[in-house]
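What follows is each chain in one-letter form.
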Amino acid sequence: MARRMRMLARTARDPKQVRLWFDIATVVVAVTMFSVAWPTLHLTHQVPAAAQPFIAGLAALPIVLVRVNPALGWSISAGSALLIALAIPHQPGNNLPFQVVHILVFFPLLFAVAVRAHIRMVVIAWLCSALLFATTMADADQSVASSAFGWPIAMTALVLFGLLVRWLVLSRRALVEQEEVSELERARRTVLEEKARIARDLHDVVAHHMSMVVVQAQTAPYRIDDVSPSARAEFESIGASARDALNEVRSMLGVLRSDGQLPEHAPQPVAADVLPLLEGARRAGVPIDWTIEGPLHTVPDTVGLALYRIAQESLSNASRHAPHAAVRLSLIVRTESVELTVVNAPGESPVEGTPGTGIVGMRARAESIGGTLTAEPRPDGGFEVRASLPSSPSVIAAPPALP
């Protein structure tokens with residue numbers, strides 16, 4: 001029993017199941033009404049036997065449209081009621097212009113119009129229904145004044161009740177939507193709080209130590225006696241690299257602390273910044289050679305950012321996994337594409353580590369602007385990264401999704 005009750009509760013919460021059962025019930029009501037209207041039609045109206053099922057269908061079957069299209073169902077019911085009242089004579093002793101079944105179907109359709117149809121259609125249906133019953137029901141009532149006011153008043157009350165239900169449903173729907181918005185805002189606030197916590201942790205752990213590296217590198221020539229010129233240059237290179245890394249960390253912290261909707265004011269790397277990146281890698285001790293063909297300043301900023309990040313990650317991977325290995329970079333700027341190739345030789349003592357997401361991130365950057373990227377080992381034991389990026393803004397698919 002409890003299981004059946006749970007199944008019923010789940011069914012009641014499922015809109016599709018509710019609509020299905022409502023449609024089934026509507027069809028059952030329509031068939032029942034039709035089975036009553038057809039056999040009794042000859043008792044109230046003078047209709048040929050061959051036409052009786054059609055007249056009964058006009059009276060009973062429009063109810064099947066009560067959910068799908070109540071305005072159309074009401075129009076069919078109202079039009080057929082007027083046609084029957086004007087064209088089909090009723091039997092002696094019967095003063096109703098159309099069948100009781102017709103009235104029973106007409107009222108739910110008018111109510112459904114008031115609940116679901118456009119407000120202009122509601123006004124039209126109300127006026128036409130009031131006029132229809134005020135004129136056709138005059139013979140059915142002993143008092144013309146009573147029929148002239150009673151039926152319009154009943155129609156007005158029915159329409160007002162339907163509008164009240166309509167407004168209640170709309171208010172409830174607006175309340176549910178507002179609750180969903182509030183839930184999204186709470187979830188968004190939770191994400192922002194988590195991002196702020198991560199930013200604080202990064203600042204405490206990474207930025208602090210990077211700042212110490214910069215300070216130590218800058219003050220080492222003054223704290224240590226007999227520092228050779230080459231060692232002094234090495235300390236300056238370490239300090240410059242540490243400052244660049246610290247600036248990027250601070251930029252990422254700013255993104256984490258923001259809500260993701262404000263524009264970034266910090267300048268982003270472009271294609272022309274690839275050359276300082278290579279020079280910095282050489283100062284840091286990476287044995288790198290490069291060739292650059294074509295004007296870098298013509299590369300769009302979106303492509304330049306992806307190009308810079310791919311080159312940066314490729315150099316980092318080469319230094320990490322194949323230390324002291326020679327690195328060769330080729331960058332060609334063509335009219336329709338920018339070709340980047342980074343090849344490193346086998347390292348003297350390869351460093352094994354846990355695979356990260358660097359290659360996946362580079363590929364995502366390339367694909368986000370309509371380019372391609374391949375990264376694979378070479379037959380000689382080295383590694384090669386090859387990226388082909390579009391150089392024309394018209395073929396850029398989308399801005400990079402990665403920071």
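Residues numbered from 1 in each chain as written. Predicted model: local features only at pLDDT ≥ 70, side-chain atom pairs only at ≥ 80, totals over all residues. Heavy atoms only, no water.

A. Broad picture of the overall build of the protein. Scanning the protein from terminus to terminus reveals 11 helices and five strands. Out of the 403 residues in the protein, the part that is buried amounts to 33%. Within the protein, contacts between residues separated by at least 24 positions form 71% of all contacts whose residues are at least 6 apart in sequence. When the accessible area of the protein is evaluated, it comes to approximately 24,100 Å², of which 64% is carbon and sulfur surface. (Helix = DSSP H or I, 4+ residues; strand = E, 2+ residues; numbered from the N terminus. Buried < 20%, exposed > 50% of the residue type's maximum accessible area, 1.4 Å probe, protein only. Contact = heavy atoms within 4.5 Å. Areas by Shrake-Rupley, 256 points an atom, 1.4 Å probe, with all protein chains shown as cover.)

B. Molecular detail of the confidence of the model for the protein. Confidence in the prediction for the protein averages 81 pLDDT; 81% of positions are at 70 or higher. Within the model, pLDDT remains below 50 along residues 260–265, and this stretch shows three contacts once partners closer than five positions in the same chain are excluded. Note that pLDDT drops below 50 for residues 394–403; the model gives that stretch 23 contacts with residues more than four away or on any other chain. (pLDDT = per-residue confidence, 0-100.)

C. Spatial organisation of the packing of aromatic side chains. Summed over the entire model, instances satisfying the criterion amount to eight aromatic pairs. Their ring planes at 50° and their centres at 6.4 Å tell us that Trp74 and Phe106 sit as a pair that is tilted. Of this pair, Trp74 sits in helix 4 (residues 70–87) while Phe106 sits in helix 5 (residues 100–116), placing them 32 residues apart in sequence. For the residue pair Trp74 and Phe106, the accessibility class agrees, reading buried in each case. (Phe/Tyr/Trp six-rings, centres within 6.5 Å; stacked < 30°, edge-to-face > 60°.)

D. Highlighting empty space enclosed by the protein. Inspection of the entire model under this criterion finds one cavity of 30 Å³ or more. Space inside the largest cavity adds up to approximately 30 Å³. Around the largest cavity, the lining residues are Leu41, His45, Ile55, Ala59, Ile84, Gln99 and His102. (1 Å grid on protein atoms, 1.4 Å probe; cavity = no way out; pocket = protein on both sides within 12 Å on 5 of 7 lines; lining within 4 Å. Points joined across faces, edges and corners; volume = space filled by probe spheres on them.)

E. Molecular detail of helix 5. With 17 residues, helix 5 should reach 24 Å at 1.5 Å per residue; the first-to-last C-alpha distance of 25 Å fits that figure. Among the residues making up helix 5, those that are buried are Val101, His102, Ile103, Val105, Phe106, Leu109, Leu110, Ala112, Val113 and Ala114. (Expected span 1.5 Å × (residues − 1).)

F. Structural context of the side chain of Ser129. Tracing the sequence through the fold places Ser129 in helix 6 (residues 119–136). A distance of 2.6 Å separates a polar atom in the side chain of Ser129 from the backbone oxygen of Ala125. Setting aside its immediate chain neighbours within four residues, Ser129 contacts Trp74, Phe106, Leu110 and Met155. (Polar contact = N/O pair within 3.5 Å; in protein donor to acceptor, adjacent residues only side chain to side chain.)

G. Layout of the nonpolar core. Counting 35 residues, the largest nonpolar core has Trp74, Phe98, Phe106, Leu110, Val122 and Phe133 as its most contacted members. Of all the secondary structure elements, the ones that give two or more residues to this core are helix 2 (15–44), helix 3 (52–60), helix 4, helix 5, helix 6 and helix 7 (144–223). In terms of residue count, helix 5 provides more of this core than any other element does, nine residues in total. Those residues in contact with Trp74, other than ones at most four positions away along the chain, are Phe106, Leu109, Leu110, Val113, Met121, Ile124, Ala125, Cys128 and Ser129. (Core = buried A, V, L, I, M, F, W, Y, C linked by side-chain atoms within 4.5 Å.)

H. Up close: a nonpolar patch on the surface. Residues Leu20, Trp21, Ile24 and Val28 make up a contiguous nonpolar surface patch of about 400 Å² in total accessible area. Along the chain, Trp21 falls in helix 2. (Patch = residues over 30% accessible without salt bridge, like charges linked within 9 Å, V, L, I, M, F, W, Y side chains within 5 Å. Salt bridge = Lys/Arg side-chain N within 4 Å of Asp/Glu carboxyl O.)

I. Structural detail: the sheet that holds strand 5 (residues 383–390). A sheet is described by the order of its strands in space; here five strands give the open sequence 1-2-3-5-4, paired in mixed fashion. Two strands in the sheet have a free side with no partner beyond their single neighbour: strand 1 (288–293) and strand 4 (372–377). Pairs of neighbouring strands in the sheet enclose a mean axial angle of 5°, with direction left out of account. Pairing analysis gives six bridges linking strand 4 to strand 5, with the strands arranged antiparallel. The partner of Glu376 across the bridge, within strand 5, is Glu384. Strands strand 1 and strand 2 (327–333) of the sheet are contacted by helix 9 (residues 274–283), whose axis makes an angle of about 165° with strand 1. Of the strands in this sheet, strand 4 and strand 5 touch helix 11 (residues 358–368), which is tilted by about 155° from strand 4. (Pairing = 2+ DSSP bridges. Axes fitted to C-alpha atoms, helices over the stretch in contact; angles between N-to-C directions.)

J. Here's a closer look at the pairing of strand 3 (residues 337–344). The buried fraction of strand 3 is high, at eight of eight residues. Burial along strand 3 is two-sided: Ser337, Glu339, Thr341 and Val343 facing one way and Val338, Leu340, Val342 and Asn344 facing the other are all buried. Both strand 2 and strand 3 contribute to a ladder of seven bridges, which runs antiparallel. Residue Arg328 lies in a different strand from strand 3, and its bridge partner there is Val343. The hairpin formed by strand 2 and strand 3 contains three residues between the paired strands. With eight bridges connecting them, strand 3 and strand 5 associate as antiparallel partners. Bridging from a neighbouring strand, Thr341 pairs with Arg386 of strand 5.

K. A look at the pattern of salt bridges. By the definition in use, this model includes eight salt bridges. The partner of Arg282 in a salt bridge is Asp289, and the shortest N-O contact between them spans 3.4 Å. Taking the shortest distance from any N to any O, the salt bridge between Glu384 and Arg386 comes out at 3.1 Å. Its relative accessible area of 40% is what places Arg386 among the partly exposed residues. In the salt-bridge network here, residues are joined through shared partners; they are Arg378, Asp380, Glu384 and Arg386.

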